[in-house]
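Structure assessment
Spelled out from the first residue to the last, the chains are:
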Amino acid sequence: MRRHIAIFAVLALSAPVVLSAQDSNDVKHDRKEVRHDLRELRGDRKDIRHDTRDIRQDRRDVRQDLKSGDTTDARRDARDLRQDRRDRRHDVRDARRDRRDVRQDRKDVHEDKQEKNDSTK
């Protein structure tokens, strides 16, 4: 019986240490996710700027080709314009998702910190 009490006492005293370490890992993991999502968001914004420049150039090319009467080049440039617009829509959607992920991950970090502070009181 004494052994059982001693084992129970050791387990009861070590549980907060294990839980504290787990909370610390949760916070680190959430912060790492925030950094990763911010990196992806920066990449998406860069892609959006690049696609926007391409769209402007393709519009100029289509107008110039139509003005000069070159319908074959105009069709090719219009096809390229549609592809660039599609790429930009995709990048905008990705950026929106990444912003949402960053908000959620920051919220998780805040909640994990609150739980950690509440458990140490």
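Report on the accompanying structure. The structure displayed is predicted, hence computed values, not measured ones.

To continue, consider the overall build of the protein chain. Looking only at helices and strands, one finds two helices and zero strands in the protein chain. Looking at the protein chain as a whole, 21% of its 121 residues are labelled buried. A fraction of 80% describes how many contacts in the protein chain between residues 6 or more apart in sequence connect residues 24 or more apart. As displayed, the protein chain offers around 9700 Å² of accessible surface, 51% of which is attributable to carbon and sulfur atoms.

What follows covers the side chain of D105. Assignment of secondary structure puts D105 in helix α2 (residues 71-120). Despite its burial, D105 pairs with no opposite charge; the closest candidate is R106, at 8.6 Å N-O. Residues contacting D105, with those up to four places away along its chain left out, are D30, E33, V34 and D37.

Parameters and conventions
- By convention here, each chain's residues receive numbers from 1 onward along its written sequence.
- Restriction of local features to residues with pLDDT of at least 70 applies here, the model being predicted, together with a cutoff of 80 or more for giving and counting side-chain atom pairs; totals for whole chains, interfaces and linings are based on all residues.
- Excluding hydrogens and water, the side-chain figures rest on all heavy atoms present in the structure.
- Labels follow the DSSP assignment, with helices taken as runs of H or I lasting at least four residues and strands as runs of E lasting at least two, numbered in each case from the N terminus.
- Classification of residues uses two cut-offs on accessible area relative to the type maximum, computed with a 1.4 Å probe and protein chains only: under 20% is buried, over 50% is exposed, and between them is partly exposed.
- Whether two residues are in contact is decided by their heavy atoms, any of which lying within 4.5 Å being enough.
- Shrake-Rupley sampling with a 1.4 Å probe provides the accessible areas, and residues are treated as covered by the protein chains on show and by no other component.
- A residue counts as positive if it is Lys or Arg and as negative if it is Asp or Glu; His and the chain ends are not included.
- We define a salt bridge as a contact between a side-chain nitrogen of Lys or Arg and a carboxyl oxygen of Asp or Glu at a distance within 4 Å.

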